[in-house]
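Coordinate inspection notes
Residue strings, one per chain:
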Amino acid sequence: MIGGHALQLSAPPTSAGFRHHLPFVCNCKLTKQGERFLSSVVTAEEPSAAVGLLRKFVASSPKHVAISTLSHLLSPSTSHPRLSSLAFPMYAVMKKESWFSWNAKIVADLIALLYKDERFNEADELFAETVAKLGYKERDLCVFYRNLMDSHGKHKSERGVLDCCTQLRQLISQSSSVYVKQRGYESMVAGFCEMGFPDKAEDLIEEMREQGLKPSGFEFKTLIYGYGQKGFLQDMKRIVDRMEKEGFEVDTVCCNMVLSSFGAHNELVEMLSWLNKMRNSGIGLSIRTYNSVLNCCSTILQQDMKNVPLSVDELVGNLTMDEGNLVRELLKSSILDEVMEWNSKELKLDLHGMHLSSAYLVLLQWFSELKVRFADGNGSTPAEILVVCGCGKHSSTRGESPVKDLAKEMILRTKCPLRIDRKNIGCFIGKGKKFKDWLCHTEYLHNCGGKI
């Protein structure tokens, strides 16, 4: 924790990768109208009153408002878990509206929620209705099953995953389509890994070969992460080696999965070894790499925001030996050039996507590197400096940005001539020349050193 703000761990790459293969994912945010509706339902004294409010809400709401509210209720991370039972009646009401259009992803989410609530009869009815609707359209059925597997996985429903595997196996056995077979196995591999059964997922990959299908990089990456998150690190490394031998590229995404798995089990020495391998192999680091590595440096996470070191040297001096080695290795990357844009008009640093510890280290790098470049005359003086932090739209507490709070504290302590942008409160701005003069001549930063 830094200043009372908990760092949000990376979303599991397995699920993220799986969703990347799906044609539709509803990322609708709950609207203010939806929030007011749910608040009114919470205060309703009788169930009948809640149903009346639901019907009135759907009838008076635009399509996107109703759908975003339903999607919110269906989400495993909903902020109104006690109201999730409203999702099924709400869907039934929405079906009667003229604007309603059937959506495989929403239906899959609804079936998975019914499974979670052990309302199996209703889930079976909705499933049968969907299969009848799709008929003999094998590809559409396959997409629906994959959506359903993804939804069951999010809810950690073992019964749901196993039932979906049975249905997919039946589809695969009856289909002559290589596409359907390949995507079906992809989905089952992802489902088993999501539920913590990577060994069963690996058996499926062997079964694919027996069916004359070639596993893709997706299956291998899913299996790598599945073994890694369960702590079977030797099996994880074995799959990485196997993946390379079969001609698949071990890219940044794959390496981030490995690093995340090492970090989850506090294997900092292994993380350092893997970072060295990435650098020697020319595999670039990403923001997710920084997030995965720095989330494991407990010394950084436990610092008080108001007293964090203001130079890289001071930070490294406060860390354990293993943590310090990891930070030094990160600093050898070119990540700063990827998050910074520099031209005559503007010098922009974008901290979006960074966890708190990553934003902190990048800010230290940024101050240090700019000081060197300005002193050496490398790069023109931009007219404006812009640091993009965000305003907390994606934070655990909406409207509160830990990254912005950290940047503000560092700016105040160093007397940096940046200020919050009046037009965009998620940014800090300042004049380029004034910033350069401060960075190169302020006595405080000279004393800090800040060498990498």
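Structural data are supplied above this passage.
Per chain, residues are indexed from 1 in the order of the written sequence. In keeping with the predicted nature of the model, local features appear solely for residues at pLDDT of at least 70, side-chain atom pairs appear and are counted solely at 80 or more, and the whole-chain, interface and lining totals rest on all residues. Only hydrogens and water are set aside when side-chain values are computed; all heavy atoms of the structure are taken into account.

Okay, the pairing of strand E2 (residues 346-350) next. Three labels apply to residues, based on accessible area from a 1.4 Å probe with only protein chains included: buried if under 20% of the type maximum, exposed if over 50%, partly exposed otherwise in between. The helix count covers DSSP runs of H or I at least four residues long, the strand count covers runs of E at least two residues long, and both are numbered beginning at the N terminus. The alternating pattern of E2 places Leu347 and Leu349 on a buried face, while none of Glu346, Lys348 and Asp350, on the opposite face, is buried. The sheet contact formed by strand E1 (residues 340-342) and E2 spans 3 bridges and is antiparallel. The residue of E2 that forms the bridge with tryptophan 342 is leucine 347. Between the end of E1 and the start of E2, which pair antiparallel, lie 3 residues. Criterion used throughout: strands pair if DSSP finds at least two bridges between them. Pairing of E2 with strand E3 (residues 384-388) involves 5 bridges; the strand directions are parallel.

Two cysteine sulfur atoms form a disulfide, by the criterion used here, when they sit within 2.5 Å. What the rule picks out here adds up to 0 disulfides. Distance from the sulfur of cysteine 389, which forms no disulfide, to the nearest cysteine sulfur (cysteine 427) is 7.3 Å. A relative accessible area of 7% means that cysteine 389 is categorised as buried.

A few words on unusual backbone geometry. Of note, asparagine 266 is a non-glycine position whose phi angle comes to about 60°, a positive value. With respect to the element layout, asparagine 266 can be found in the loop between helix H14 (252-264) and helix H15 (268-281). For lysine 415, which is not glycine, the phi dihedral falls at a positive 60°. Within the secondary structure layout, lysine 415 lies in the loop between helix H22 (402-414) and strand E4 (419-420). Exposure remark for lysine 415: the relative accessible area of 71% places this residue in the exposed category.

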